[in-house]
Amino acid sequence: MEKGRNLSDRVEQVVPLEERLGVSLSAIGAYVRTDADGRAISVAGEIRPQRGTRLEQDLEVVVTVYDEKRRVIGTGSHKVYRKTFWTFETFGLDLFGIPRDTEVARIRVFPKGT
């Protein structure tokens, strides 16, 4: 397997959604790797409440990957449950099946209320 290439500079956050849901996403890293089965993108980071130590509701952290023509080429989500959340939580997603011949132009990471 090829060593992961850092794509963290292509990560975009949707701050108005973070503010609306009362959370902050931070420490986000993104890497692409290629092996005999294709390409995968790994994205990881932290979610924290903007105030206090608890979430107001269950959330999903959504990752959407776009090509240079602004087409979606991969998506995934990680659920975060209010009941088990305390102070912060890390999230990580592996998105498989990213076309080998397509340049990853943007990786959007945002919270979504459930």
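Residues numbered from 1 in each chain as written. Predicted model: local features only at pLDDT ≥ 70, side-chain atom pairs only at ≥ 80, totals over all residues. Heavy atoms only, no water.

Topic: the pairing of strand β6 (residues 72-80)
Part 1 of the argument: Pairing of strand β5 (residues 59-67) with β6, which is carried by eight bridges, proceeds in the antiparallel orientation. Bridge pairing in β6 links Thr64 to Thr75.
Part 2 of the argument: Hairpin connection, β5 to β6: the antiparallel pair is bridged by four residues, and Arg70 has positive phi, about 65°. (Pairing = 2+ DSSP bridges. Helix = DSSP H or I, 4+ residues; strand = E, 2+ residues; numbered from the N terminus.)

As for the side chain of Arg39
Part 1 of the argument: Along the chain, the position of Arg39 falls in strand β4 (residues 38-49).
Part 2 of the argument: No salt bridge forms around the buried Arg39; measuring N to O, its nearest opposite-charge neighbour Glu103 is 5.7 Å away.
Part 3 of the argument: One polar contact links the side chain of Arg39 to the main-chain carbonyl oxygen of Pro99, over a distance of 2.7 Å.
Part 4 of the argument: Residues contacting Arg39, with those up to four places away along its chain left out, are Arg5, Val32, Arg33, Thr34, Leu95, Phe96, Gly97, Ile98, Pro99, Arg100, Thr102 and Val104. (Buried < 20%, exposed > 50% of the residue type's maximum accessible area, 1.4 Å probe, protein only. Lys, Arg positive; Asp, Glu negative; His and termini not counted. Salt bridge = Lys/Arg side-chain N within 4 Å of Asp/Glu carboxyl O. Polar contact = N/O pair within 3.5 Å; in protein donor to acceptor, adjacent residues only side chain to side chain. Contact = heavy atoms within 4.5 Å.)

Considering the packing of aromatic side chains
Part 1 of the argument: This model, assessed by the stated rule, comprises zero aromatic pairs.
Part 2 of the argument: In this arrangement the basic side chain of Arg48 is found over the ring face of Phe88, its NZ or CZ atom lying 4.7 Å from the centre.
Part 3 of the argument: Positioned above the aromatic ring of Tyr66, the side-chain terminus of Arg106 is 4.1 Å from the ring centre. (Phe/Tyr/Trp six-rings, centres within 6.5 Å; stacked < 30°, edge-to-face > 60°. Lys NZ or Arg CZ within 6 Å of the ring centre and 35° of its normal.)

Quick word on the environment of Asp58
Part 1 of the argument: You can see Asp58 is positioned in the loop between β4 and β5.
Part 2 of the argument: In this structure the C-alpha to C-alpha distance between Asp58 and Thr84, which are 26 residues apart in sequence, comes to 9.7 Å.
Part 3 of the argument: Setting aside chain neighbours within four positions, we find Asp58 in contact with Val80, Tyr81, Arg82, Lys83, Gly113 and Thr114.
Part 4 of the argument: At 2.7 Å, the side chain of Asp58 and the backbone nitrogen of Arg82 are in polar contact.

Considering the sheet that holds strand β8 (residues 104-113)
Backbone hydrogen bonds are what pair the strands of a sheet, in a parallel or an antiparallel way.
Part 1 of the argument: The strand order β2-β8-β5-β6 describes an open sheet built from four strands, whose pairing is mixed. On the outer flanks of this sheet lie β2 (11-13) and β6, each paired with one strand and no other. Shown here is a sheet whose adjacent strand axes are inclined to one another by a mean of 20°, direction ignored. (Axes fitted to C-alpha atoms, helices over the stretch in contact; angles between N-to-C directions.)

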